[in-house]
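# Structural characterization, general
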Amino acid sequence: MKTAILPQVRVEPQLRADLEAVLRDGESLSDFLVATVRQAVDHRRMQAEFDARADAAWARFQQTGDGIPAQEVMDEMRARLQARRHELQGKHRPASA
């Protein structure tokens, strides 16, 4: 596939200096920009999918009136978070001497 060129973007000199200061060894400005644009595109896609699911759920609720109480949802989310914390507990701690 043939590559394309993104438009040039003018930025303040300080922003360019800040960007160059955070580049990793061997990473070019172009590498950074491509990775950043790719992440932004992925984020926007995920956000659009989330919004579509939320709109569908809202439409379903408006039609049926069936829903889950907020407290029940929050309790479930807390339980999942606690389970995940318990699962990860100790995995990232250094071993005792």
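Each chain has its residues counted from 1, running along the sequence as written. Owing to the predicted nature of the model, reporting of local features is limited to residues with pLDDT of at least 70; listing and counting of side-chain atom pairs is limited to 80 or more, with chain, interface and lining totals taken over all residues. Each side-chain value is derived from all of the structure's non-hydrogen atoms; neither hydrogens nor water enter the calculation.

## Topic: the overall build of the chain
Strands here are runs of E lasting at least two residues and helices are runs of H or I lasting at least four, both read from the DSSP assignment and numbered beginning at the N terminus. Along the backbone of the chain there are three helices and zero strands. Along the chain, from the amino end to the carboxyl end, the secondary structure elements read α-α-α. For the chain, the C-alpha radius of gyration of 22 Å lies well beyond 13 Å, the compact-globule estimate for 97 residues. For the chain, the spread of C-alpha atoms along the three principal axes comes to 55 × 55 × 35 Å. Residue burial considers only the protein chains on display, and all accessible areas are found by Shrake-Rupley using a 1.4 Å probe. A total of about 9,800 Å² of accessible surface is found on the chain, and carbon and sulfur atoms cover 56% of it. By the counting rule applied here, Lys and Arg register as positive and Asp and Glu as negative, while His and the ends of each chain are not counted. Each charge is placed at NZ for Lys, CZ for Arg, CG for Asp and CD for Glu. If the 15 positive side-chain charges of the chain are averaged to one point and the 15 negative ones to another, these points end up 3 Å apart. In this description the radius of gyration comes from C-alpha coordinates, and the expected globular size is given by 2.2 Å times residues to the power 0.38.

## Some points on the packing of aromatic side chains
Here a Phe, Tyr or Trp ring, Trp counted by its six-membered ring, pairs with any other such ring whose centre lies within 6.5 Å, and the pair is stacked when the planes are under 30 degrees apart, edge-to-face when over 60, and tilted otherwise. Throughout the structure, instances matching the rule amount to one aromatic pair. Residues W58 and F61 carry aromatic rings whose centres are separated by 5.7 Å and whose planes lie at 25° to one another, so their mutual orientation is stacked. In this pair, W58 and F61 are both assigned in helix α2 (residues 29-64), three residues apart and thus about one turn of the helix distant. Only protein chains enter the area calculation, which uses a 1.4 Å probe; residues under 20% of their type maximum are buried, those over 50% are exposed, and those in between are partly exposed. Looking at F61, the relative accessible area reads 36%, which means it is partly exposed.

## Thoughts on the pattern of salt bridges
Salt bridges, as used here, are contacts in which a Lys or Arg side-chain nitrogen is within 4 Å of a carboxyl oxygen on Asp or Glu. Using the criterion set out here, one finds five salt bridges in the structure. Among the ionic pairs, E20 bridges to R16, the shortest N-O distance being 2.8 Å. Taken together, the residues E20 and R16, both in helix α1 (residues 13-22) and four residues apart, mark about one turn of the helix. For D42, the salt bridge goes to R45, with nearest N and O atoms at 4.0 Å. With a gap of three residues between them, D42 and R45 both fall in helix α2, about one helical turn apart. For R45, a relative accessible area of 55% puts it in the exposed group.

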